[in-house]
Each structure stands twice: as C-alpha cells, then as structure tokens.
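Residue-level structure breakdown
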Amino acid sequence: MRRKSLNKKKELGLLTSTEVSVLVTPEMGNFYGTMHGGELLKRLDNVAYICGVRYCKNQVVTLAVDNVLFKEPVYIGELLTIQACVNYTGKTSMEIGIKVMAENLKTLSMRHTTSCYFTMVAVDDKGGTMLVPELLVNGKVAQRRHENAILRNKNRKKLSH
Ligand SMILES: CC(C)(COP(=O)(O)OP(=O)(O)OC[C@H]1O[C@@H](n2cnc3c(N)ncnc32)[C@H](O)[C@@H]1OP(=O)(O)O)[C@@H](O)C(=O)NCCC(=O)NCCS
C-alpha cells in the first residue's frame, strides 16, 4: 500500500487491512526443500498481530487459528505476499482473514498457496480483555467476508464446548 493512502486510512481510523512481503530463504525449508508449515504459520501470526494492533490501536494476543489450508507448497526463493483483513469484530475479539500469494521472482507468476483465520483478542498490560472498535462493513466483498466470519465464529464457539 502506498504511504499516502496508508496515512489517509490511519487518519480516518479505518485500517482494516495489512499486507506484508517475505522472501522465502533456505533456512525456512523442510526436509522436502519447500517451506516448513510452522515457519509459515509463525509469519502469518505476526501479520495477523500487525493487522489487529493497527485496527484496534491496542495490544492483541492470538486466541485461535483455524481453517488452515496449505493449498499449494511454497518454494524457497519465492516472494510471499501475506494479506490480512479484519473480517469481523465482537466486543473484545476480531477475526482476521489471511491469504498468502507466492510469486516466482523469475517468471513473475503468482499462486494462492495458503489461507486461514486468526481470532485475536485485545488485551491490556495485565492480560485483561479490552474493547475493540466496531467494524464498519463497506462494500460487497467486506459484507460477504463479514457474514461468513459470523458463521465461523458461531461454529468455533459451538465446537469448543
Ligand atoms: C485471549 C484471552 C486473553 C481471552 O481471555 P478470556 O478470559 O477467555 O476472555 P473472554 O472469555 O472474555 O473471551 C474473549 C473473547 O474471545 C472470544 N472467545 C472465547 N472463546 C472463543 C472461542 N472458542 N472461539 C471464538 N471466540 C472465543 C469471546 O467471545 C470474547 O470475544 P468477544 O468479547 O468479542 O465476544 C486468554 O484466553 C489468553 O490469554 N489466552 C492466551 C493467549 C496467548 O498466549 N496467545 C499466544 C498463543 S501461542
């Protein structure tokens, strides 16, 4: 995202999405020579954290990660673009959707490799929960993501009991 546009969104307090790029280097590999799933998840957690803090302007912790889909392998030397978006907010929690695109730097071809959902909770210095700003849902895509997130949130709660 361009700095001017990022600054404008910050002014309006509407920073619902974040994008971070990561070059996949050899030490991130597994025994097969592709990217280790745990290495990828750690980076996705970091991006969900950035997205959550930017949105609620508060410290957040990861409560849950689910629907992790390693759709395609990620190769060493590819450039990952990790896209994160706040899909839903409750009182103290947020669902952040993650989509990973891998770019072959030589051919410039892009593939959607991975997706998942993080539930992040805003906390204070003592670990107590904090309120998050209500999400303003604008546009068809955001509406669809929001409706799906509500269903997932209900399922999460049902399955955890
Ligand atoms: C995150 C944490 C602070 C929440 O504390 P808590 O006492 O469970 O707080 P609450 O019961 O008030 O729940 C907080 C939010 O999580 C939601 N929640 C709780 N269980 C949930 C579940 N199974 N699925 C989805 N949401 C859930 C609640 O609905 C609430 O959201 P809302 O306020 O938007 O409705 C606490 O669980 C914690 O510290 N967990 C460890 C976090 C951590 O260490 N993460 C790193 C792991 S590697």
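Use the structure listed above.
Conventions used here
Residues numbered from 1 in each chain as written. Predicted model: local features only at pLDDT ≥ 70, side-chain atom pairs only at ≥ 80, totals over all residues. Pairing = 2+ DSSP bridges. Helix = DSSP H or I, 4+ residues; strand = E, 2+ residues; numbered from the N terminus. Expected span 1.5 Å × (residues − 1). Buried ≥ 20, exposed ≤ 12 C-beta atoms within 10 Å, placed from the backbone. Axes fitted to C-alpha atoms, helices over the stretch in contact; angles between N-to-C directions. Contact = placed C-beta atoms within 7 Å.

Note that strand S2 (residues 60–70) and strand S5 (residues 110–122) share 8 bridges and pair antiparallel. Note on S5: the bridge partner recorded for Val65 is Phe118. Relative to S5, strand S4 (residues 93–103) is paired through 11 bridges, and the arrangement is antiparallel. Note on S5: the bridge partner recorded for Ile98 is Cys116. Counting the residues that bridge the hairpin from S4 to S5 gives 6 residues, and of these Leu108 lies at a positive phi of roughly 65 degrees.

Below, the discussion takes up helix H3 (residues 140–159). The terminal C-alpha atoms of H3, which comprises 20 residues, lie 29 Å apart, in line with the 28 Å expected from a rise of 1.5 Å per residue. Within H3, only 1 of the 20 residues are buried, which leaves it mostly out in the open.

The next thing to look at is the sheet that holds strand S1 (residues 17–23). Strand order across the open sheet formed by 5 strands is S1-S3-S4-S5-S2, with antiparallel pairing between neighbours. The open sheet has two free edges, formed respectively by S1 and S2, since each of these has just one partner strand. With direction set aside, neighbouring strand axes in the sheet form an average angle of 25 degrees. As paired strands, strand S3 (residues 79–89) and S4 are joined by 10 bridges and run antiparallel to one another. In the strand pairing of S4, Leu79 is matched with Glu103. Where helix H2 (residues 37–56) meets the sheet, its contacts fall on S1, S2, S3, S4 and S5, and the angle it forms with S4 comes to roughly 130 degrees.

By the secondary structure assignment, Leu23 is in strand S1. Put simply, Leu23 and Ala102 are 79 residues apart on the chain and 9.5 Å apart in space, counted from C-alpha to C-alpha.

Everything listed is a geometric property; what it means functionally is a separate question.
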